[in-house]
Amino acid sequence: MSIDLFPKKPAVSAEQSQQVKDWLYEILQIDRQTVISLSQLQCQDSGCPPIQTAIAVMTSPHRVIRIHKAIPDIAYTDVVQAIAANTNNQKES
Ligand SMILES: [Zn+2]
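Residues numbered from 1 in each chain as written. Predicted model: local features only at pLDDT ≥ 70, side-chain atom pairs only at ≥ 80, totals over all residues.

Caption draft 1: Region of the structure containing the pairing of strand β2 (residues 51-57). Both strand β1 (residues 36-42) and β2 contribute to a ladder of 7 bridges, which runs antiparallel. Counterpart to Q42 in the pairing with β2 is I51. Where β2 meets strand β3 (residues 63-67), 5 bridges bridge the pair, whose relative direction is antiparallel. Across the sheet, the residue bridging to I55 is I65, located in β3. What sits between β2 and β3 in their antiparallel hairpin is a turn of 5 residues. (Pairing = 2+ DSSP bridges. Helix = DSSP H or I, 4+ residues; strand = E, 2+ residues; numbered from the N terminus.)

This is the structure we're talking about:
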């Protein structure tokens, strides 16, 4: 494994983005008309991969879910866990 100080954002195919969105629609049980935007950001947290994905779900109120992986690395279980963590956070505040 090499360490890249200036990681390039991985290329993401339309299919990969759509797959993540499909999982979100399914897990959150939201309307397919709801806009979901995915953006890959650098993550500064220690112990994290360099790229994280911020998911904005434009429900009302809208929610932002972060997954500490690049879009091509996101699996179904990552989405389930991130939504569960996000829901718990919102209950605490
Ligand atoms: Zn992170």
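Caption draft 2: View of the environment of K8. With respect to the helices and strands, the residue K8 is situated in the segment before α1 (14-28). The class of K8 is exposed, set by 8 C-beta atoms lying within 10 Å. (Buried ≥ 20, exposed ≤ 12 C-beta atoms within 10 Å, placed from the backbone.)

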